[in-house]
Amino acid sequence: IVQGGRTESKPTIFIVSGDEGLAGLYHEALEHMIKPQSEVHCFLRAEVALRAIESANRQPDLLISHYLLHSNKDSSMTGLELIRRCKKGAPNLKTVLASGLALKEIRQILQVSDTQPDALLQVPFDVEELASVVEPLLHGDARSAGKITQ
């Protein structure tokens, strides 16, 4: 697709979740929700996702990471630390931090952090909530994304 003199490509989304089943749900929802269809890559380990971003010829358009990557016993990296490290090398990367923690806990964590995601997503969520966070970020309207869903 050519738009405004440049070639439009499918948006690339990286998902990092320690839960394989949840990663699969993101993948399924995002591939069918985002038009043109998106290219979705799921990672169970933050370190693998970080290496993929650092070595990519083209950085992803969006990174969605869970705050707690609990199933990775060999990893101490949180989703917020992953976002910090990714933004260090790719400052324009759009990011979403997903969490099942209480909103009060996540707000306290973010208040003392030097890293801020572009948007937050409360887990569990439905497809409409996911779309309301992801689509504005992919289309350059970060102001309408990022509401913490209840």
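Residues numbered from 1 in each chain as written. Predicted model: local features only at pLDDT ≥ 70, side-chain atom pairs only at ≥ 80, totals over all residues. Heavy atoms only, no water.

**Q** Explain the packing of helix 2 (residues 46-55) against helix 3 (residues 79-89) to me, using residue names and the numbers behind them.
**A** Between two packed helices, both the angle of their axes relative to each other and the distance between the axes serve to describe the pair. Following both chains from N to C, one finds helix 2 and helix 3 inclined at 15°, their axes separated by 10 Å at the closest point. The pairing of helix 2 with helix 3 is recorded here as roughly parallel in orientation. In this structure, the crossing between helix 2 and helix 3 has a hand that is right-handed. On helix 3, the residues that touch Ala46, Leu50 and Ile53 of helix 2 are Leu82, Arg85 and Cys86. The residue makeup of the contact of helix 2 with helix 3, split by class, is five nonpolar, no polar and one charged. (Axes fitted to C-alpha atoms, helices over the stretch in contact; angles between N-to-C directions. Helix = DSSP H or I, 4+ residues; strand = E, 2+ residues; numbered from the N terminus. Parallel < 35°, antiparallel > 145°, perpendicular 65-115°, else oblique. Left-handed = near helix turned anticlockwise from the far one by under 90°. Contact = heavy atoms within 4.5 Å. Nonpolar A, V, L, I, M, F, W, Y, C, P; charged D, E, K, R; others polar.)

**Q** Describe the sheet that holds strand 4 (residues 39-43), naming the residues involved and giving the relevant values.
**A** Ordered in space as 4-3-5-6-7, the five strands form an open sheet in which the pairing is parallel. Edge positions in the sheet fall to strand 4 and strand 7 (119-122), since each of these pairs with one other strand and no more. Each adjacent strand pair in this sheet contributes to an overall mean axis angle of 20°, direction not counted. Across four bridges, the pairing between strand 6 (residues 94-99) and strand 7 is parallel. What sits directly across from Ala98, in strand 7, is Leu121. (Pairing = 2+ DSSP bridges.)

**Q** Summarise the packing of helix 1 (residues 20-33) against helix 5 (residues 127-138); cite the residues concerned and give the values.
**A** Taken N-terminus to C-terminus, the directions of helix 1 and helix 5 make an angle of 65°; their axes are 11 Å apart at the nearest point. Note on packing geometry: the crossing formed by helix 1 with helix 5 is right-handed. Of helix 5, the residues touching helix 1 (which contributes Tyr26, Ala29, Leu30 and Met33) are Val127, Leu130, Ala131, Val134 and Glu135. Among the residues forming the contact of helix 1 with helix 5, the class breakdown is eight nonpolar, no polar and one charged.

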